[in-house]
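Breakdown of the fold
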Amino acid sequence: FKYGNFIDNLRLFTKGGSGGMGYPRLGGEGGKGGDVWVVAHKKMTLRQLKDKYPKKRFVAGEGANSRVSALKGAKGKDCEIPVPVGISVTDENGKIIGELNKEEDRILVAEGGIGGKLLTNFLPLKGQKRIIHLDLKLIADVGLVGFPNAGKSSLLSQISHAKPAIADYAFTTLKPELGKIMYNDFTQISVADLPGLIEGAHMNKGMGHKFLKHIERTRQLLFVVDISGFQLSSQTQYRTAFETIILLTKELELYKEELQRKPALLAVNKMDLPHARDKFHELINQLQNPKGNSMFFVSDFLHLFENQMIPEKNMKFQHIIPISTITGEGIEELKNCIRKSLDEHANQENEVHFKKQLHNLRFSNTISYSKLPSKHVVTSSGKN
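Rules behind the numbers
- Residues numbered from 1 in each chain as written.
- Predicted model: local features only at pLDDT ≥ 70, side-chain atom pairs only at ≥ 80, totals over all residues.
- Heavy atoms only, no water.
- Core = buried A, V, L, I, M, F, W, Y, C linked by side-chain atoms within 4.5 Å.
- Buried < 20%, exposed > 50% of the residue type's maximum accessible area, 1.4 Å probe, protein only.
- Helix = DSSP H or I, 4+ residues; strand = E, 2+ residues; numbered from the N terminus.
- Contact = heavy atoms within 4.5 Å.
- Pairing = 2+ DSSP bridges.
- Axes fitted to C-alpha atoms, helices over the stretch in contact; angles between N-to-C directions.
- pLDDT = per-residue confidence, 0-100.
- Expected span 1.5 Å × (residues − 1).
- Arc of directions from axis to C-beta.
- Salt bridge = Lys/Arg side-chain N within 4 Å of Asp/Glu carboxyl O.
- Phe/Tyr/Trp six-rings, centres within 6.5 Å; stacked < 30°, edge-to-face > 60°.
- Lys NZ or Arg CZ within 6 Å of the ring centre and 35° of its normal.
- Parallel < 35°, antiparallel > 145°, perpendicular 65-115°, else oblique.
- Nonpolar A, V, L, I, M, F, W, Y, C, P; charged D, E, K, R; others polar.

Leu221, Phe223, Leu252, Leu266, Val268 and Leu283 are the most contacted members of the largest nonpolar core, which totals 29 residues. Elements represented by at least two residues in this core include exactly α3 (208-215), β12 (218-226), α4 (241-255), β13 (264-269) and α5 (276-287). With 8 residues, α4 is the largest single contributor of residues to this core. In this structure Leu283 touches Ile227, Ala241, Phe242, Ile245 and Val268, once residues within four positions along its chain are discounted.

Structure (structure tokens):
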């Protein structure tokens, strides 16, 4: 299974614009160079930023030179870097420059140089160069995804040291409830149970957007579904465990396709109920028979959904674990799978990083060899 290419950090080169030339004879001042700003946008993701600006270079405009018709040169054009909300900006040494916590928050990251004037002997200054790191502030390693009453709160209290409020009604969790899984070797993994998701969450029904916004800030997803299915209220349709997974997948896709690229696990809860085993085998069978990549499931199930509720891509689960928060079945295995999955992901990220460094090293060596001036090449006669 190829891990999702969800991005939660980026390294960028930024440079403020140079100032404009002064005009010594008439005492004219050159324009200041443009500044580079990082600005938060609701719809943006780091993946989109990287795709749109593959070179990851952001340079502001130069200030205009002073001239007879305009002694005070115009300021250079500012450069804005659009980033998602929830970003922490640090410099090359890891020092925090600032954080963007709501839409339209902005941070100055590279200042333009001042224009030439008397003080500078009418010569302009260059803009500030700065390498910056953008980090999506993760609230947890693992985010629990599931419709109300799937048993997410019970699961969180079983696997971690959290004590969430557990009640028998639909909207139990109104703010992210955080817990930590402690392992024997003292490793800790943070888990967030997020506000209850319902059908239509992408349209901001219920706690929809708040939930989906939080989920972006977790490293991996853990789907939790009730083996006996789900019904929000007597007015809404009953959904089987399989249909629940389809709907959860669709909600993620409609909000931001990128969420489907995150590594995901599936915990099938309430295995202590009668006939749970048979239902579980049926569910595995349904999940293993998707028809092509764009068709999530075999035609037998198509009649269950309006076309627009069928996801474009199926969710690939690295592990599917049957559990019961009542009897404790599968809980230890689930904890081990979460650990394994995060370790695999970290190893893969390190491998990609290592390969990139190796490539850059080889590339820079090739360039330095090819650029050696010919006079320094030692000839066979030993002369320079």
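The next thing to look at is the pairing of strand β10 (residues 177-182). Inspection of the sheet shows β10 paired to strand β11 (residues 188-193) by 6 bridges, in the antiparallel sense. What sits directly across from Glu177, in β11, is Asp193. Where β10 hands over to β11, the hairpin turn is made up of 5 residues, of which Phe186 adopts a positive phi near 75 degrees.

Right, let's talk about the sheet that holds strand β8 (residues 129-136) for a bit. Here 5 strands make up an open sheet; going across it, the order is β3-β1-β8-β5-β6 and the pairing mixed. With one partner strand each, in any of the chains shown, β3 (57-59) and β6 (96-100) form the two edges of the open sheet. On average, adjacent strands in this sheet sit at an angle of 25 degrees to one another, irrespective of strand direction. The pairing of strand β5 (residues 87-91) with β8 spans 5 bridges and is antiparallel. Across the sheet, residue Val89 finds its bridge partner in β8, namely Leu134.

This paragraph deals with the confidence of the model for the protein chain. Low pLDDT means the predicted coordinates in that region are not meant to be read closely. The share of residues in the protein chain with pLDDT of 70 or more is 76%, and the mean pLDDT across the chain is 80. Taken together, the stretch residues 368-384 has pLDDT below 50 and engages in 3 contacts with residues farther than four places along the chain or on a different chain.

When the terminal C-alpha atoms of α5 are compared, their 16 Å separation across 12 residues agrees well with the 16 Å that a helix rising 1.5 Å per residue should span. Those residues of α5 not exposed but buried are Ala276, Phe280, Leu283, Ile284, Gln286 and Leu287. Looking straight down α5, one finds its buried side chains confined to an arc of 160 degrees; they lie on one side. Those residues of α5 that are exposed and angled more than 90 degrees off the buried face are Asp278 and His281. Next to the buried residues of α5 lie α4, β13 and β14 (317-322).

Under the definition given, this model contains 18 salt bridges. A salt bridge links Lys75 to Asp35, with the nearest nitrogen and oxygen atoms 3.6 Å apart. Residue Lys75 is located in the loop between β3 and β4 (79-83), and its partner Asp35 is located in the loop between β1 (9-15) and β2 (36-40); the two are separated by 40 residues in the primary sequence. According to the relative accessible area criterion, Asp35 is buried, its value standing at 9%. Overlapping salt bridges, with partners in common, bring together Lys32, Asp35, Lys75 and Asp78 in one network.

Within a pair of aromatic rings, the relevant descriptors are the distance that separates the centres and the angle that separates the planes. One pass over the full model with this rule turns up 3 aromatic pairs. Each ring, one from Phe147 and one from Phe230, has its centre 4.9 Å from the other, and the planes form 20 degrees; the classification is stacked. With Phe147 in the loop between β9 (140-145) and α2 (152-159) and Phe230 in the loop between β12 and α4, this residue pair connects regions lying 83 residues apart in the sequence. By relative accessible area, which is 2% here, Phe147 ends up buried. Positioned over the ring face of Trp37 is Arg106, at 4.9 Å from the centre of the ring. Stacked on the ring of Tyr183, the Lys or Arg Arg339 has its end atom at 5.1 Å from the ring centre.

To continue, consider the sheet that holds β12. Spatially, β10-β11-β9-β12-β13-β14 is the arrangement adopted by the 6 strands of the open sheet, whose pairing is mixed. Every interior strand has two partners, whereas the edge strands, β10 and β14, have only one. This sheet shows a mean twist of 25 degrees between the axes of neighbouring strands, independent of strand direction. Of the strands in this sheet, β9, β12, β13 and β14 are in contact with α4, which crosses β12 at around 150 degrees.

Attention shifts here to unusual backbone geometry. Although it is not a glycine, Asn121 adopts a positive phi angle of roughly 60 degrees. Take Asn121: it is sitting in the loop between β7 (106-110) and β8. Classification of Asn121 as exposed rests on a relative accessible area of 59%. With a phi close to 75 degrees, Phe186 is a non-glycine residue in the positive phi region. Secondary-structure assignment places Phe186 in the loop between β10 and β11.

Locating Lys256 in the fold gives a position in the loop between α4 and β13. Each C-alpha atom of the pair Lys256 and Leu212 lies 8.6 Å from the other, and the pair is 44 residues apart in sequence. Those residues in contact with Lys256 that sit more than four places away from it in its chain are Lys42, Lys43, Met44, Thr45 and Glu216.

Relative orientation of the contacting elements α4 and α5 amounts to 40 degrees, with a least axis distance of 9 Å. As judged from the angle between their axes, α4 and α5 are oblique. Along the contact surface, α4 presents Ala241, Phe242 and Ile245, while α5 presents Leu283, Gln286 and Leu287. Split into classes, the residues belonging to the contact of α4 with α5 amount to 5 nonpolar, 1 polar and no charged.

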